[in-house]
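The primary structure of each chain is shown beneath.
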Amino acid sequence: MAKLLVGRFHRLERLACLLAPLLAVGTVFADDLVVQAADSSGEVKIANFTFAPQTLTVSPGTTVTWTNTDDIPHTVTAEDRSFRSKALDTDDRFSFTFTTPGEYTYFCSLHPRMVGKIIVKAGDTKP
Amino acid sequence: MKTPDHDNLPSEDDDGISRRGFLECMTWAGTGVLWMVNDGLPRSLGLSSAQAASAVKSSPLTFLQISDSHIGFDRPPNTDALATLREAVAKLKTLPGKPSFMVHTGDISHLSREKEFDDADQLIKEVGLPVFYVPGEHDVLDEGAGKLYRERYGKGSKGAGWYSFDQDGVHFIGLVNVVDLKAGGLGNLGEDQLKWLEGDVRGLSASTPIVVFAHIPLWSVYPEWGWGTDDGARALSYLKRFGSVTVLNGHIHQIMQKVEGNVAFHTARSTAFPQPAPGTAPAPGPMQVPAGELRKWLGVATVNYVPGKKNLAILDAPLMG
Ligand SMILES: [Cu+2]
Ligand SMILES: [Fe+2]
Ligand SMILES: [Fe+2]
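Counting restarts for each chain, with residues numbered from 1 along the sequence as it is written. Each chain is given a letter, starting from A, and each ligand a number, starting from 1, according to the order in which they appear as written. Two thresholds apply to this predicted model, a pLDDT of at least 70 for residue-level local features and 80 or more for giving and counting side-chain atom pairs, whereas whole-chain, interface and lining totals are computed over all residues. Side-chain numbers come from the whole structure's heavy atoms, not from hydrogens or water.

Per an unreviewed UniProt entry, the recorded name for chain B is Metallophosphoesterase, and the organism is Microvirga alba.

Per an unreviewed UniProt entry, chain A goes by the name Cupredoxin family copper-binding protein and belongs to Microvirga alba.

Here it is in structure tokens:
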């Protein structure tokens, strides 16, 4: 049953993308979507000067939390500066909630070779 | 201090210093290493302190380099970066020669906190010399992206904190390559600073010795770890016509030396913690060394300029050994 709902949701979402993203909220699946969004979280670990996973795909409304496990501070800085952490010392965390679908590339402003990406895609389910 | 038992001095080969030679010097637990650079061929010589003293006594201009003090860092292999800075300051006071001033090539603090800068300043002023700073990426972490640094150290500087000055016929240039870094890139000087640099050296005669100092190496040490500066080559292109150019950097927490044409590059040790040699670890974080050996990996440098000699002599002195 759940699987079916997801499948239908996907189709509906594709249609919604063509019209307006908010259309989906107005459907019979609105509650599912809200619950899914409220519960969603994603984790990115910063270790050995890399973001892992380097690319993370989440649904809109997901809060992503970065944790720095290195002995050296890092930052999480969106290329378009739409989000930006302070310097994260060892074990410090930074969270940001992604509401708008799109691709968000980010990097560490201290070590700019460190790059990562969050893909916010409606209709995605947690793995 | 005793002369290092180092029977196999690195030999100079055609392209300058050999990698083997460089590694030997890096792990050398003896006294200082004097880098003599003549006609483009660098040689490192093991020195007794008497030799070092005579090497620098003939020099009319001596200055000191200190780097990467990372005050606030408190994790292995060094839980007290302030204590090792204190030892470095003590070391600087005993180095031979009469230094005119000191340069600090950045990462004064670990997290750009007022207290970290305060603690560093308290100690560094005990050396009793004027200090010329450039910021490291750890010094520009405040909300204002370096505002705290500039308020404290940037008087009379331009832009993000760059400047130049003259001393005993040598033209010194402090550059900033740690702000406004671009995703996927390396250290960055930026258009404004490059324009300023071009103008700054325009009126100088080609025989003026130039010393450039900046935090991140201006040359490509190891781009995979971000150890290089995207527009460093452009900065160096403005210095091509000068007979003697010395580039002093920090950031990589280890000694590295290279000569390319008229330019001698040198990086200094940190006073806080060592970092691994390029590619020898998964990442360039602090290198773990036995507690008893930490001070062999930390150190300071003395730089000597003798008028008429093309190249400056750099003496790297470890905190212990
Ligand atoms: Cu970083
Ligand atoms: Fe550093
Ligand atoms: Fe650095």
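Some words on the interface of chain A and chain B
Frequently, the measure chosen for interface size is the accessible area that the parts lose on association. Opposite the 18 residues of chain A that make contact, chain B presents 26 residues. In short, buried area is how much 1.4 Å probe accessible area vanishes from two parts on joining, totalled over both. Both sides together, the interface formed by chain A and chain B hides about 1,700 Å², and carbon and sulfur atoms give 65% of it. Broken down residue by residue, the surface that chain A buries against chain B is led by Asp71, Leu110 and Arg113 of chain A, which jointly contribute 32%. What counts as a salt bridge is simple: a side-chain nitrogen of Lys or Arg found within 4 Å of a carboxyl oxygen of Asp or Glu. Remark: the boundary between chain A and chain B carries 0 salt bridges. We call two residues in contact whenever any of their non-hydrogen atoms come within 4.5 Å of each other.

A short note on the packing of aromatic side chains
Two aromatic rings from Phe, Tyr or Trp, using only the six-membered ring of Trp, form a pair when their centres are within 6.5 Å; if the ring planes differ by under 30 degrees the pair is stacked, by over 60 it is edge-to-face, and anything between is tilted. In the structure shown here, the tally under the stated rule is 28 aromatic pairs over all chains. Ring centres of Tyr133 of chain B and Tyr153 of chain B lie 4.3 Å apart, and the angle between their planes is 50 degrees; on these two criteria the pair is classed as tilted. With a gap of 20 residues between them, Tyr133 of chain B in strand S7 (residues 131-133) and Tyr153 of chain B in helix H5 (residues 147-153) connect regions that are remote in the sequence. Here Tyr133 of chain B and Tyr153 of chain B have matching classes, each one buried. The rings of Phe51, Trp66, Phe83, Phe94, Phe96, Phe98, Tyr104 and Tyr106 of chain A are connected pair by pair, giving a single aromatic cluster. Each helix corresponds to a stretch of at least 4 residues labelled H or I by DSSP, and each strand to a stretch of at least 2 residues labelled E; elements are numbered beginning at the N terminus. Exposure categories follow from relative accessible area, calculated using a 1.4 Å probe and restricted to protein chains: below 20% of the type maximum is buried, above 50% is exposed, and the middle band is partly exposed.

Focus: the coordination of the copper ion (ligand 1)
Residue and element names in this part refer to chain A. Each metal's donors are the N, O and S atoms within 2.8 Å of it, or within 3.2 Å when it is Na, K or Ca, and because water is not part of the set, sites may look incomplete. On the protein side, the copper ion (ligand 1) has His74 (ND1), Cys108 (SG) and His111 (ND1) as donor atoms, found 1.9 to 2.2 Å from it. Going along the chain, you hit the donors of the copper ion (ligand 1) in the pattern H-x33-C-x2-H. Of this pair, His74 sits in the loop between strand S4 (62-68) and strand S5 (77-78) while Cys108 is found in the loop between strand S7 (102-107) and strand S8 (115-120), placing the two residues 34 residues apart along the sequence. Look at Cys108 and you get buried, because its relative accessible area is 0%.

Some details on the environment of Asp80 of chain B
In this structure, Asp80 of chain B sits in the loop between strand S5 (61-66) and helix H3 (81-94). Separated by 192 residues in the primary sequence, Asp80 of chain B and Ala272 of chain B have C-alpha atoms spaced 8.0 Å apart.

As for unusual backbone geometry
Residue Ala52 of chain A is joined to Pro53 of chain A through a cis peptide bond whose omega torsion reads -5 degrees. The residue Pro53 of chain A is located in the loop between strand S2 (50-52) and strand S3 (55-58) in this model. Not every positive phi belongs to a glycine, and Asp180 of chain B is a case in point at roughly 55 degrees. With respect to the helices and strands, Asp180 of chain B occurs in the loop between strand S9 (170-174) and helix H6 (191-202). For Asp180 of chain B, a relative accessible area of 52% gives the class exposed.

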